[in-house]
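Chains, contacts and geometry: an overview
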Amino acid sequence: MPGRAGRDKVLEISNTVSIADDEIEINAIRAQGAGGQNVNKVASAIHLRFDIHASSLPDAYKQRLLARQDQRISKEGIIIIKAQQFRSQEQNRADALTRLKELIKAASTVAKKRRPTRKTRSSIKRRLEGKNKRAEIKSLRKKVIE
């Protein structure tokens, strides 16, 4: 087809990282759920598979993806995405590729290491004053011994 010649040769993740189209395995399958008479005839859902180990992603990306606790990533290191939200195959393909791109982008960002904050002198003072006030209230409830 003349219109598909330059289409989707590369999936751009960032300015420096991209995935070749042949690394992504896309299969059309029948969608689940209700859909009337057409649902049994048309394979509109998309089943996307992406092997992290065999990909051309940088090693840092691969390690972060494999370390993620995500149900879409299998134990063998294969990302499996099923897209069946739309009625057309092309929309589902675009949705699956977008979800793959977002998953890889999320793994590309390094979480900033948290530095625990120190309590201020005034916050410690307020806490101790509150404790003393509460203790005084409770001590006033006791019986007075004469």
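Residues numbered from 1 in each chain as written. Predicted model: local features only at pLDDT ≥ 70, side-chain atom pairs only at ≥ 80, totals over all residues. Heavy atoms only, no water.

1. Remarks on helix α1 (residues 59–67)
By the burial criterion, the buried members of α1 are Tyr 61, Lys 62 and Leu 65. The buried residues of α1 occupy an angular sector of 100° when projected down its axis, which confines them to one face. Along α1, exposed side chains directed more than 90 degrees from the buried face belong to Asp 59, Gln 63 and Ala 67. Looking at the buried side of α1, the elements it contacts are β5 (78–83) and α2 (89–108). (Buried < 20%, exposed > 50% of the residue type's maximum accessible area, 1.4 Å probe, protein only. Helix = DSSP H or I, 4+ residues; strand = E, 2+ residues; numbered from the N terminus. Arc of directions from axis to C-beta. Contact = heavy atoms within 4.5 Å.)

2. Looking at the nonpolar core
Within the largest apolar cluster, 22 residues are counted, with the highest numbers of intra-cluster contacts made by Phe 50, Leu 65, Ile 79, Leu 100 and Ile 104. Where this core is concerned, the elements lending two or more residues are β4 (45–51), α1, β5 and α2. For this core, the element with the most residues is α2, which contributes 6 residues. Not counting residues within four places of it along the chain, the set of residues in contact with Ile 104 comprises Ile 13, Ile 19, Phe 50, Leu 57, Tyr 61 and Leu 65. (Core = buried A, V, L, I, M, F, W, Y, C linked by side-chain atoms within 4.5 Å.)

3. Description of the side chain of Lys 62
Inspection of the secondary structure assignment puts Lys 62 in helix α1. The side chain of Lys 62 sits in the buried core without any salt bridge; Asp 59 is the nearest counter-charge, 4.3 Å away. Beyond its immediate sequence surroundings of up to four residues, Lys 62 is in contact with Ile 52, His 53, Ser 55 and Leu 57. (Lys, Arg positive; Asp, Glu negative; His and termini not counted. Salt bridge = Lys/Arg side-chain N within 4 Å of Asp/Glu carboxyl O.)

4. Thoughts on the pattern of salt bridges
With the rule as written, the count across this model stands at 3 salt bridges. A salt bridge links Asp 70 to Arg 72, with the shortest nitrogen-to-oxygen separation between them at 2.9 Å. Residue Asp 70 is classed as buried on the basis of its relative accessible area of 16%. Residue Arg 93 is joined to Glu 90 by a salt bridge in which the shortest nitrogen-to-oxygen separation is 2.9 Å. Separated by 3 residues within a single helix, Arg 93 and Glu 90 lie in helix α2, roughly one turn from each other. You can call Arg 93 buried: its relative accessible area is 16%.

5. A closer look at the sheet that holds strand β3 (residues 24–29)
In space, the 3 strands of this open sheet follow the order β3-β4-β5, with antiparallel pairing throughout. Looking along the sheet, the strands with just one partner apiece sit at the ends: β3 and β5. Neighbour to neighbour, the strand axes of the sheet diverge by 15° on average, direction disregarded. Two elements, β3 and β4, share 6 bridges in a ladder whose sense is antiparallel. Among the inter-strand pairings, Ala 28 is bridged to a residue of β4, identified as Ile 46. (Pairing = 2+ DSSP bridges. Axes fitted to C-alpha atoms, helices over the stretch in contact; angles between N-to-C directions.)

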